[in-house]
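So the chains spell out like this:
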Amino acid sequence: MEGEEKKEFLVEEREEEMVGATGPRNPVKRMGWFINPGGVCGGTPFVPSRHKAASFAATEAPEILFKGWRSHLRKWEEWVHKLEPMYGDSWKKAGISEAIKASVYKIRKDPALVLGIAAYWCEETSSFLFPWGEATITLEDVIVLGGLPVVGEPVRGSLDGELAEMEQRLAAEHKKFYKYTCKKPEQSAWMRHFVEGDGDEFEHVAFLSLWLSRYVFPAHPEKTVSLQMFPIAVRLARGARIALAPALLASLYRDLQAVKDCLVSKCGQEVPSLVVWAPFDILQMWVWERFVALRPDAKNFVNYGEPRTKRWNDMNKKMDFSFIRWVFESPSEFQWRPYATSLDNWRRPSFYKENGEWIHGCAEKDEELRSFARCLRACELVGVDCIKQYLPHRVAMQFGLDQDLPGYVHHSYSTWEAAWQTYEIDAKNVVFYVPPQLFESDVTLRYSVWWKKYMLFCCIDAVKSIVGPHGSLVIGEKVLQNAVAEKNKKKKEKKDGSPPTHKKRKLQDFYDTPLSDWSDFENRCCGGKDKHVKPDKASTLANKIRNPEPFGERKEENKENLEALGHNEEQRAQIGEDLVSETLDKEDDAAMDKTTMGDVERTEISVTLSKEHAEQSNQTAVATRENTVKNSTELGEACPPDPLEMKYRELLEDVRMNEPEESVPFLLQARFKLEQERKAKELEEQMKIKMLKEEIDMMQAKLMDLESHSESSGSHGGRS
């Protein structure tokens, strides 16, 4: 019994009412597997208190320099191939063989993709908050895409004895570079200095120091070999296993928050350029692996024994901001377990099993199972110069497990040694469940109810970030348009009607085009015949977004079309469930655990306040719109009434504000639909004007020809 008490259960098995994660479905009671701490034993679900939506007012992307992005280094591949026959076994022992091989590949940077995903980041949950749920880059992703180990010693710590002597010798060589013409240990000069050697241990340590400084933990000053990497390189050269994956992930979490803060503070003010050092190329590969519609059209073939990173070598795909965000907000586009599917010649880790299996205290015999156990444990990630929280129980479906209410995890970064204790696992006493490779996980019914209520407040925050706390949608959009400098405005007017270029894509297009709210957590469909959008139909889907179908003539048809914008075929088949959603919410609230009732009561109070605010905002919107039409000079642009505006006003008056969580997304979708119609109408008028001008020019040319012909005929007749 004493041995049982000491066992640590990373996964809990219990019977729950489960529903689908990507759409409504009748609850099914079955046995589920959940990562601890769950909602039942973890108390009240944790909700971020400081989460802010990224600014949608920025007309251009802030200047963000990704200094840690993997770039080509001349002769680096030759150095890798030179040392691999001599030290390949040592690299495998240290768990860095795949990472070193992957360093020769080039991942082309797409800033739009990286900035787009960073806009959803939340520091308090260490995850991306999408309308349909949470997701994040985990230790499992760093294992597969980065090829780095999660088990081993911490990256911090000092050396002694013979290892300390090797570090001092390397530091003395490092100091000599300040006497050379480069005046610093620049990476290219460092490689030229050592690459011609005979491949001894000292050259190997120098090689690993450069690899760590450039591809794993890049830092200021740029493109130099860091002294901090010497202790790590010396231990790796001796075959020591060091937990590099959590250290890299900690730096990525840190810089993701820096990018998010930059986007949030961009609203209406100049933001200085931001420099981030984490290897964001891993994050871009994560997006490609998870979102099928955003992947490059062609992928490289992976030969046997090559890292999975080769799949994305020298690949590129440029897309519109509006389409990128549409994909991020569509639950059906996200792949929960991309590495569990088959990929030719790529060896999957042993924790992708055909049948589910409980592991009881024997993970020490299998290093890959130990790695999977580390991926499941909430802990602190100890980095080279930072410590960040890791919360896998919030994204359990990424590991093939079921999702329940996320419990709260306390911080403990008093010292890095204390933080490391939360990460270290006793492999003899750990108990966890390895799910089947093709198992389709679900969420509990109470999690589904809680998430919908929580996302209501994210929706309101997102609307406030667009229109301000007391403004209307109309005023907010006009103010954002006129916030642009006159010089940039003239350039933009010249390019109206022309497709956006890849090199100068505006962040305004990414944020303002959809105007979609954060509570629309269901699938979206842009076709007129209720066909579900497939991930591999990216080009067709983009055309449908750019050219939406027009409204019906009657208000009832308009409303039905707008509601159909965010629902797929399966969801509309169950539209009757929406009519009794209030009753279901009451039943779900009654079934919730007593520990969560306090949070539910606070939620109901906040919903009441939101109703009052939504009703007041919409009354203000109608009145402000009438004043705006009368006095358009205040906005800097004439806004004459037209049928589209009258249609929008009718929708505003027709919508009842008894349920703000339903009306807010409806109004946002209505505004987006009408703006798309307006742009199409303006473009059509411009094309007609252009055609008329061409016809006039042709008629004038013919007239001139006739006049010249008549004059020449008259002159000939006079001579005769």
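Note that this is a predicted model, so its numbers are computed, not measured.

Please explain the overall build of the protein as it appears in this structure.
Tallying secondary structure elements over the protein gives 26 helices and 13 strands in all. Out of the 720 residues in the protein, the part that is buried amounts to 52%. Across the protein, every contact between residues at least 6 apart in sequence was considered, and the portion connecting residues at least 24 apart equals 79%. Put simply, the protein shows about 34500 Å² of open surface, and 51% of that area lies on carbon and sulfur atoms.

Looking at this structure, I do not really get the pattern of salt bridges. What am I missing?
If the charged atoms of two oppositely charged side chains come close together, the side chains can form a pair. Applying the stated criterion across every chain yields a total of 32 salt bridges. The partner of Arg 308 in a salt bridge is Glu 289, and the shortest N-O contact between them spans 2.8 Å. One end of the pair, Arg 308, is in the loop between helix H11 (281-290) and helix H12 (321-328); the other, Glu 289, is in helix H11, with 19 residues separating them in the sequence. With a closest N to O distance of 3.5 Å, Lys 317 and Asp 297 form a salt bridge. On the criterion of sequence distance, the pair formed by Lys 317 in the loop between H11 and H12 and Asp 297 in the loop between H11 and H12 is long-range, its members being 20 residues apart.

Explain the state of the cysteines here, please?
What we call a disulfide is simply a covalent bond connecting the sulfur atoms of a pair of cysteines. Applying the stated criterion across every chain, the model contains zero disulfides. Cysteine Cys 379 is unpaired, with the sulfur of Cys 375 as its nearest cysteine sulfur at 9.6 Å.

Would you explain the side chain of Thr 125 in this entry?
Relative to the helices and strands, Thr 125 is located in the loop between strand S5 (121-122) and strand S6 (127-130). Within the local environment of Thr 125, its side chain forms a polar contact with the side chain of Ser 127, the two groups lying 2.7 Å apart. Leaving out residues up to four positions away in the same chain, Thr 125 has contacts with Phe 46, Pro 48, Glu 134, Leu 391 and Arg 394.

What's the story with the sheet that holds strand S13 (residues 443-444) in this structure? I'm lost.
Strands belonging to one sheet form pairs held by backbone hydrogen bonds; the direction of such a pair is parallel or antiparallel. Judged by pairing direction, the sheet is antiparallel, and its three strands sit side by side in the order S3-S2-S13 without closing on themselves. The strands lining the two open edges of the sheet, one partner per strand, are strand S3 (28-35) and S13.

How should the sheet that holds strand S1 (residues 8-9) be read in this particular structure?
An order of S1-S12-S9 is seen for the three strands of this open sheet, with the pairing classed as mixed. Both edges of this open sheet fall to S1 and strand S9 (357-360), since each of them pairs with a single strand only. With four bridges connecting them, S9 and strand S12 (residues 430-434) associate as antiparallel partners. Residue Glu 357 lies in a different strand from S12, and its bridge partner there is Val 434. Sheet contacts for helix H13 (residues 367-376): S9 and S12; angle to S12, the most-contacted strand, approximately 95°.

I would appreciate a short explanation of the packing of helix H2 (residues 76-94) against helix H8 (residues 201-216) in the present structure.
Two measures define how a pair of helices packs: the angle their axes make with one another and the distance between the axes. Contact geometry for H2 and H8: axes closest at 11 Å, N-to-C directions at 115°. Of the possible angle classes, the one that applies to H2 and H8 is roughly perpendicular. Crossing handedness for the pair H2 and H8: left-handed. Residue-level inspection shows Trp 76, Trp 79, Val 80, Lys 82, Leu 83, Tyr 87, Ser 90 and Trp 91 of H2 in contact with H8, the latter providing Glu 201, Glu 203, His 204, Ala 206, Phe 207, Leu 208, Leu 210, Trp 211 and Tyr 215. Residue composition of the contact of H2 with H8, by class: 12 nonpolar, two polar and three charged.

Got a minute to help me understand the pairing of strand S10 (residues 379-382) in this structure?
Looking along a regular strand, one sees the side chains alternate between the two faces of the sheet. The pairing of S10 with strand S11 (residues 387-390) spans four bridges and is antiparallel. Following the sheet pairing, Glu 380 is matched in S11 by Gln 389.

Help me understand the packing of aromatic side chains, please; the structure alone is not making it clear to me.
The geometry of an aromatic ring pair is captured by the separation of the ring centres together with the interplanar angle, meaning the angle of the planes. According to the stated counting rule, one finds 42 aromatic pairs in the structure shown. Here the aromatic rings of Trp 121 and Phe 128 are separated by 5.0 Å at their centres, their planes lie at 70°, and the arrangement is edge-to-face. Residue class for Phe 128 comes out buried when judged on its relative accessible area of 0%. Ring pairs connect the aromatic residues Tyr 120, Trp 121, Phe 128, Phe 130, Trp 132, Tyr 253, Trp 286, Phe 291, Phe 328, Phe 334 and Trp 336, which therefore count as one cluster. Arg 14 extends its terminal NZ or CZ atom over the ring of Phe 34, reaching a point 4.3 Å from the ring centre. Note that Arg 169 overlies the ring of Phe 202, its terminal NZ or CZ placed 3.9 Å from the centroid.

Help me understand the confidence of the model for the protein in this model?
Low pLDDT marks regions whose predicted coordinates should not be analysed in detail. Taken as a whole, the protein shows an average pLDDT of 74; of its residues, 63% reach a score of 70 or greater. Scored below 50 in pLDDT, residues 628-642 shows 17 contacts in the model against residues more than four places distant or in partner chains. Across residues 655-666, confidence stays below pLDDT 50; counting only partners more than four residues off in sequence or on other chains, it has 28 contacts.

In this structure, what is going on with unusual backbone geometry? I would like to understand it.
The step from Asn 36 to Pro 37 runs through a cis peptide bond, and the omega angle for that step is 0°. Here Pro 37 is to be found in the loop between S3 and strand S4 (64-66). Backbone torsion omega between His 220 and Pro 221 reads -5°, so that peptide bond is classified as cis. Take Pro 221: it is sitting in the loop between H8 and helix H9 (230-237). One non-glycine residue with positive phi stands out, namely Lys 75, at about 70°. On the secondary structure map, Lys 75 appears in the loop between S4 and H2. Phi at Ser 126 is positive, roughly 50°, even though this residue is not glycine. Within the secondary structure, Ser 126 is located in the loop between S5 and S6.

How should the nonpolar core be read in this particular structure?
Generally speaking, a soluble globular protein has its nonpolar side chains buried in company with each other. If you look at the biggest cluster of nonpolar residues, it comprises 151 residues, and the most contacted ones within it are Trp 211, Leu 244, Phe 280, Trp 286, Phe 291 and Phe 432. For this core, the element with the highest residue contribution is helix H10 (residues 244-264), accounting for 12 residues. For Trp 286, the residues in contact, after removing those within four places along its chain, are Ile 117, Phe 128, Ala 135, Thr 136, Ile 137, Asp 141, Leu 145, Phe 291, Phe 334, Tyr 339 and Gln 398.

In this structure, what is going on with the environment of Asn 313? I would like to understand it.
The residue Asn 313 is located in the loop between H11 and H12 in this model. Asn 313 gets classed as partly exposed once you look at its relative accessible area, which sits at 21%. In the structure, Asn 313 is positioned 211 residues away from Ala 102 in sequence and 9.2 Å away in space, judged by C-alpha atoms. Not counting residues within four places of it along the chain, the set of residues in contact with Asn 313 comprises Tyr 105, Lys 106, Ile 107 and Asn 300.

Parameters at a glance
- Residues numbered from 1 in each chain as written.
- Predicted model: local features only at pLDDT ≥ 70, side-chain atom pairs only at ≥ 80, totals over all residues.
- Heavy atoms only, no water.
- Helix = DSSP H or I, 4+ residues; strand = E, 2+ residues; numbered from the N terminus.
- Buried < 20%, exposed > 50% of the residue type's maximum accessible area, 1.4 Å probe, protein only.
- Contact = heavy atoms within 4.5 Å.
- Areas by Shrake-Rupley, 256 points an atom, 1.4 Å probe, with all protein chains shown as cover.
- Salt bridge = Lys/Arg side-chain N within 4 Å of Asp/Glu carboxyl O.
- Disulfide = S-S within 2.5 Å.
- Polar contact = N/O pair within 3.5 Å; in protein donor to acceptor, adjacent residues only side chain to side chain.
- Pairing = 2+ DSSP bridges.
- Axes fitted to C-alpha atoms, helices over the stretch in contact; angles between N-to-C directions.
- Parallel < 35°, antiparallel > 145°, perpendicular 65-115°, else oblique.
- Left-handed = near helix turned anticlockwise from the far one by under 90°.
- Nonpolar A, V, L, I, M, F, W, Y, C, P; charged D, E, K, R; others polar.
- Phe/Tyr/Trp six-rings, centres within 6.5 Å; stacked < 30°, edge-to-face > 60°.
- Lys NZ or Arg CZ within 6 Å of the ring centre and 35° of its normal.
- pLDDT = per-residue confidence, 0-100.
- Core = buried A, V, L, I, M, F, W, Y, C linked by side-chain atoms within 4.5 Å.

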